[in-house]
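Fold and contact review
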Amino acid sequence: MCRYCTTLDDDTLILMSEQPFFEPIIEDELHVLRTCPNYHDLRMGLSDTLKERIFREPAEVFASDTITEASRFLVRVFKRRFPRKYPKTKTSRIQLQAIHHDLQ
């Protein structure tokens with residue numbers, strides 16, 4: 001279920017599940033790419049070409065002319081969706097070199 005679009009309050013979910021037409025909003029690829037309001041501002045910054053592909057032909061999102069933009073968009077989506085995995089601290093070049101050196 002989408003954490004942004006569906007309440008996660010257990011009592012509310014139990015009551016709603018007893019309703020005849022309860023359909024929680026599933027957080028699948030199309031929901032994130034097309035409709036989730038949590039990512040609306042990120043979608044607004046996309047080129048018209050990529051927006052058209054997202055809404056008309058999602059399989060073509062990673063075509064050669066939009067793959068870089070689509071990848072950047074998905075990174076921003078993941079950073080927002082999983083903030084703990086992407087801390088907001090900047091890593092200096094020296095720190096990156098030290099990490100690279102430690103990995104070798």
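This report concerns the structure included in the present document. Every chain is numbered on its own, with residues counted from 1 as its sequence reads. The model is predicted, so local features are restricted to residues of pLDDT at least 70 and side-chain atom pairs to those at 80 or more, both for listing and for counting; the totals for chains, interfaces and linings are taken over all residues. To get the side-chain values, take all heavy atoms of the structure and skip hydrogens and water.

1. Quick notes on the environment of Ser71
Defined as follows: Secondary structure follows DSSP: runs of H or I at least 4 residues long count as helices, runs of E at least 2 residues long count as strands, and numbering of each begins at the N terminus. Remark: exposure states derive from per-residue accessible area (1.4 Å probe, protein chains only) relative to the maximum for the residue type, with buried under 20%, exposed over 50%, and partly exposed in between.
Position of Ser71 among the secondary structure elements: in helix H5 (residues 67–81). Relative accessible area serves as the criterion here: at 33%, Ser71 is assigned to the partly exposed category. As a C-alpha pair, Ser71 and Val61 span 10 residues in sequence and 9.4 Å in three-dimensional space.

2. What to know about the environment of Leu46
Positionally, Leu46 belongs in the loop between helix H3 (40–44) and helix H4 (48–56). A relative accessible area of 7% places Leu46 in the buried class. For the pair formed by Leu46 and Ala70, sequence separation is 24 residues and the distance between their alpha carbons is 8.4 Å.

3. Overview of the pattern of salt bridges
Stated precisely, the cut-off is as follows: Salt bridge, as used here: a side-chain nitrogen of Lys or Arg that lies within 4 Å of a carboxyl oxygen of Asp or Glu.
Taken as a whole and assessed by the stated rule, the structure comprises 4 salt bridges. In this structure, Asp41 and Arg80 form a salt bridge, with 2.7 Å as the shortest nitrogen-oxygen distance. Separated by 39 residues along the polypeptide, Asp41 in helix H3 and Arg80 in helix H5 bring together distant segments of the chain. The partly exposed category is assigned to Arg80, whose relative accessible area is 32%. Residue Arg56 is joined to Glu52 by a salt bridge in which the shortest nitrogen-to-oxygen separation is 3.8 Å. One end of the pair, Arg56, and the other, Glu52, are both in helix H4, 4 residues apart, so they sit about a helical turn from each other.

4. Observations concerning the nonpolar core
The following threshold applies: We call a set of buried Ala, Val, Leu, Ile, Met, Phe, Trp, Tyr and Cys residues a nonpolar core when their side-chain atoms join them within 4.5 Å. A contact between two residues is defined here by any heavy atoms of the two lying within 4.5 Å.
Within the largest apolar cluster, 13 residues are counted, with the highest numbers of intra-cluster contacts made by Tyr39, Leu50, Ile54, Phe73 and Val77. Contributions of two or more residues to this core are made by helix H2 (29–35), H4 and H5. For this core, the leading source of residues is H5, giving 3 residues. Aside from chain neighbours lying at most four places away, what touches Ile54 is Leu33, Arg34, Leu46, Val61 and Phe73.

5. With respect to the side chain of His31
Within the secondary structure layout, His31 lies in helix H2. Under the relative-accessibility criterion, His31 is labelled buried at 10%.

On their own, these measurements won't tell you what the molecule is for.
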